[in-house]
Amino acid sequence: MLRRAEFWGGLFWLAVGAFVAWQGWLLELGTLREPGSGFVFFWLGLIISAFATFIAIGGARGGGPLLDDLWRGARWRNVLLVVLALIAFGFLFERLGFVICSLALLLFLMTVVDPVRPALSIPISVIAAVGVWYVLEKVLLVQLPKGIWIEDFIPF
């Protein structure tokens with residue numbers, strides 16, 4: 001049981017779910033008609049905890065891979081590159097804006113981490129970055145960091 005990956009993963013997510021539910025409880029739940037600021041967090045934490053409990057029980061009964069097998073054959077270079085790219089994305093997000101950072105991240109992932117032909121990776125990156133920006137900024141009215149260039153190049 002102690003060597004099963006699903007058991008430990010379930011316990012981890014059970015702790016995360018319990019923490020989210022607890023924080024939601026501290027933010028005040030409110031009522032069903034007038035939910036408080038912690039309403040969604042509380043119920044989301046309980047749902048995460050319930051799923052995690054089932055996963056941990058399944059792992060305790062002997063299901064799933066062993067911890068040793070879980071990381072065998074992992075491409076650690078790619079894991080490190082993705083973590084470093086996400087850290088850079090976080091630091092540059094405010095300065096450069098959503099579109100440039102997202103475009104750079106997608107291009108990096110599709111050319112360096114898991115290479116895709118440039119004829120495919122460039123249009124996918126551009127369409128995804130601009131498309132997500134458009135939906136979030138113009139349709140859903142979510143304020144994203146624009147950077148200094150976005151208003152000059154995108155007229156809508």
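Side note on the overall build of the chain
1) Next: Helix and strand content of the chain: 7 helices and 0 strands.
2) Next: The helix and strand sequence of the chain, counted from the amino end, reads α-α-α-α-α-α-α.
3) Next: Taken over the C-alpha trace, the chain has a radius of gyration of 21 Å; the compact-globule value for 156 residues is 15 Å, which it surpasses by more than 25%.
4) Next: When its C-alpha atoms are laid out on the principal axes, the chain stretches across 55 × 50 × 25 Å.
5) Next: Buried positions account for 24% of the 156 residues belonging to the chain.
6) Next: By sequence separation, contacts in the chain at least 24 residues apart represent 57% of the contacts at least 6 residues apart.
7) Next: Taking the average place of the 11 positive charges on the side chains of the chain and the average place of its 10 negative ones, the gap between the two points comes to 10 Å.

Section: the packing of aromatic side chains
1) Next: This model, assessed by the stated rule, comprises 7 aromatic pairs.
2) Next: A connected cluster of aromatic rings, assembled from ring pairs, spans Trp25, Phe42 and Trp43.

Thoughts on the packing of helix α5 (residues 98-113) against helix α6 (residues 118-139)
1) Next: Contact pair α5 / α6: the axes reach a minimum separation of 9 Å and the direction vectors enclose 150°. Looking at the two axes, α5 sits roughly antiparallel to α6. As α5 runs across α6, the sense of the crossing is right-handed. Here Phe98, Val99, Ser102, Leu103, Leu106, Leu107, Met110 and Thr111 of α5 lie close against α6, whose contacting residues are Ser121, Ile122, Ile124, Ser125, Val126, Ala128, Ala129, Val130, Val132 and Trp133.
2) Next: Looking at side-chain class alone, the contact of α5 with α6 contains 14 nonpolar, 4 polar and no charged residues.

Structural notes on α5
Think of an α-helix as turning once every 3.6 residues; residues three or four places apart then point the same way.
1) Next: Compared with the 22 Å implied by 1.5 Å per residue over 16 residues, the 21 Å span of α5 between its first and last C-alpha is a close match.
2) Next: Here α5 has its buried residues at Phe98, Val99, Cys101, Ser102, Leu105, Met110 and Val113.

Structural notes on the side chain of Ser125
1) Next: Its location among the elements puts Ser125 in helix α6.
2) Next: Given the relative accessible area of 0%, Ser125 is considered buried.
3) Next: Here the side chain of Ser125 touches Ser121 through a polar contact of 2.8 Å, landing on its backbone oxygen.
4) Next: Those residues in contact with Ser125 that lie beyond four places of it in its chain are Leu103, Leu106, Leu107 and Met110.

Looking at the nonpolar core
One broad trend across soluble globular proteins is that nonpolar side chains are buried collectively.
1) Next: Counting 7 residues, the largest nonpolar core is built from Phe93, Phe98, Val99, Cys101, Ala129, Trp133 and Leu144.
2) Next: Of all the secondary structure elements, the ones that give two or more residues to this core are α5 and α6.

Quick word on helix α2 (residues 39-60)
1) Next: Under the 1.5 Å per step criterion, the end-to-end length of α2 is 32 Å for 22 residues, consistent within 8% with the ideal 32 Å.
2) Next: On the buried face of α2, the contacting elements are α1 (5-26).
3) Next: Looking one or two residues beyond α2, the residue adopting positive phi is Gly62, at roughly 105°.

Concerning the environment of Leu96
1) Next: Take Leu96: it is sitting in helix α4 (residues 76-96).
2) Next: Note: C-alpha distance between Leu96 and Glu28 (68 residues apart in sequence) is 37 Å.

Here's the deal with the confidence of the model for the chain
1) Next: Per-residue pLDDT for the chain averages 88, and the proportion of residues at 70 or more is 92%.
2) Next: Summarising per-element confidence for the chain, the mean pLDDT is lowest in helix α7 (residues 150-153) (56) and highest in α5 (94).

What counts, and at which threshold
- Residue positions within a chain follow its written sequence, with the count starting from 1.
- Predicted model: local features are reported for residues with pLDDT of at least 70 only, side-chain atom pairs are reported and counted for 80 or more only, and whole-chain, interface and lining totals are derived from all residues.
- No hydrogens and no water enter the side-chain calculation; it runs on all heavy atoms of the structure.
- In DSSP terms, a helix is any run of H or I states spanning at least four residues, a strand is any run of E spanning at least two, and both are numbered starting from the N terminus.
- For a compact globule the rule gives 2.2 Å times the number of residues to the power 0.38, and the radius of gyration it is set against comes from C-alpha atoms.
- Buried means the residue's accessible area, taken with a 1.4 Å probe over protein chains only, is under 20% of the maximum for its type, while exposed means over 50%, and partly exposed covers the values in between.
- Note on definitions: a residue-residue contact is assigned when non-hydrogen atoms from the two residues lie within 4.5 Å.
- Here the positive residues are Lys and Arg and the negative ones are Asp and Glu; neither His nor the chain ends is included.
- Where a charge lies is defined by one atom per residue type, namely NZ (Lys), CZ (Arg), CG (Asp) and CD (Glu).
- Between the rings of Phe, Tyr and Trp (Trp by its six-membered ring), a pair exists once the centres lie within 6.5 Å; its type follows the angle of the planes, with under 30 degrees stacked, over 60 edge-to-face, and the other angles tilted.
- Only the contacting stretch of a helix is used when fitting its axis, a line to C-alpha atoms as for every element, and angles between N-to-C directions run 0 to 180 degrees.
- What sets the label is the angle itself: under 35 degrees gives roughly parallel, over 145 gives roughly antiparallel, 65 to 115 gives roughly perpendicular, and the rest give oblique.
- By definition, turning the near helix anticlockwise from the far helix through less than a right angle yields a left-handed crossing, and turning it clockwise yields a right-handed one.
- Polar here means any residue outside two lists: the nonpolar Ala, Val, Leu, Ile, Met, Phe, Trp, Tyr, Cys and Pro, and the charged Asp, Glu, Lys and Arg; Gly therefore counts as polar.
- Expected span of a helix: the number of residues minus one, times 1.5 Å.
- In protein, a polar contact means a hydrogen-donor-capable atom and an acceptor-capable atom, both N or O and within 3.5 Å, with residues adjacent in sequence counting only if both atoms are side-chain atoms; elsewhere, any N or O pair within 3.5 Å suffices.
- Here the nonpolar core consists of buried residues drawn from Ala, Val, Leu, Ile, Met, Phe, Trp, Tyr and Cys, with membership extended through side-chain atoms lying within 4.5 Å.
- Confidence per residue, as judged by the predictor, is encoded in pLDDT with a range of 0 to 100.

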